[in-house]
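# Commentary on secondary and tertiary structure
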Amino acid sequence: NQLLQTFAPDMTHLLIVRIELSQSQYSFLSLGGRVGKEIQKMRTSKILLVFPDQTTYHQKFYRHLQQLLEGILLGLYRYQEFKTTTSQTNSSPTDIVLGVKKSVNVDQVVYKAKMISSSTNLARDISNRPANYCTPSHFKEACHQVAKESHLQFDCLNESQMKKQKMGCLLG
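Residues numbered from 1 in each chain as written. Predicted model: local features only at pLDDT ≥ 70, side-chain atom pairs only at ≥ 80, totals over all residues. Heavy atoms only, no water.

## Concerning the overall build of the protein
When its secondary structure is counted, the protein shows 7 helices and 2 strands. The N-to-C order of helical and strand elements in the protein reads α-α-β-α-β-α-α-α-α. Scored against the burial criterion, the 172 residues of the protein give a buried share of 26%. A fraction of 75% describes how many contacts in the protein between residues 6 or more apart in sequence connect residues 24 or more apart. Of the roughly 12,100 Å² that the protein leaves accessible, carbon and sulfur atoms contribute 54%. (Helix = DSSP H or I, 4+ residues; strand = E, 2+ residues; numbered from the N terminus. Buried < 20%, exposed > 50% of the residue type's maximum accessible area, 1.4 Å probe, protein only. Contact = heavy atoms within 4.5 Å. Areas by Shrake-Rupley, 256 points an atom, 1.4 Å probe, with all protein chains shown as cover.)

Now the structure itself:
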């Protein structure tokens, strides 16, 4: 109770998940997905993840933490682009609070988990769009926007360039 008052005094739900570091990293991804689904059902706006207090964490812990965070963020995914009313949409948590000793490794893990899950969710959004909406030109613009936001170079081949590079299967 003191822990909840410290990190999240306005917490209304409590979900306790037992984690064994001996599990494989893929089971952490799966566990995170299940936790994300449960959190979605609770319709809460804040998540508090608490881990045992240790002075040093092993690399295995950081790999598992990244997989768990990715799983949670992927489990929270909902395709809502064409929903028109708020009653049709589920609210997703806005805050994920980590109750773990802050370090460069934790910051890197959180960053990687956010990047991987947001990229996966963007791909999900694009693939879930109806074909009459997500045309090749729309897909090209979405890719161009991502490249621009990420400061990446974007090149799109036209039909003659594809023929020159012998991309017959794609052109077929």
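## Details of the side chain of S117
Secondary-structure assignment places S117 in helix α4 (residues 104–128). Note on S117: relative accessible area 3%, which makes it buried. Those residues in contact with S117 that lie beyond four places of it in its chain are E70, L73 and L74.

## What about the layout of surface pockets?
The space that makes up the second largest pocket amounts to roughly 300 Å³. If you trace the second largest pocket, you find it lined by L69, L73, L76, I96, L98, V110, A113, K114, S117, S118 and N121. Residue assignment for the lining of the second largest pocket shows that the elements contributing at least two residues are α3 (59–75), β2 (95–99) and α4. With 6 residues, the top contributor of residues to the lining of the second largest pocket is α4. (1 Å grid on protein atoms, 1.4 Å probe; cavity = no way out; pocket = protein on both sides within 12 Å on 5 of 7 lines; lining within 4 Å. Points joined across faces, edges and corners; volume = space filled by probe spheres on them.)

## A few points about the pattern of salt bridges
Pairs can form between side chains of opposite charge once their charged atoms are near each other. This model, assessed by the stated rule, comprises 3 salt bridges. A salt bridge links R129 to E81; the nearest nitrogen and oxygen atoms lie 2.7 Å apart. In this pair, R129 is assigned in the loop between α4 and α5 (136–149) and E81 in the loop between α3 and β2, connecting sequence segments 48 residues apart. E81 sits in the partly exposed class, given a relative accessible area of 35%. In this structure, K163 and E159 form a salt bridge, with 3.6 Å as the shortest nitrogen-oxygen distance. Within this pair, K163 and its partner E159 are both found in helix α6 (residues 159–164), separated by 4 residues, close to a single helical turn. (Salt bridge = Lys/Arg side-chain N within 4 Å of Asp/Glu carboxyl O.)

## Considerations on unusual backbone geometry
If you check the backbone angles, H151 has positive phi at about 60 degrees while not being a glycine. Here K166, not a glycine, exhibits a phi torsion of approximately 55 degrees, which is positive. Along the polypeptide, K166 turns up in the loop between α6 and α7 (168–171).

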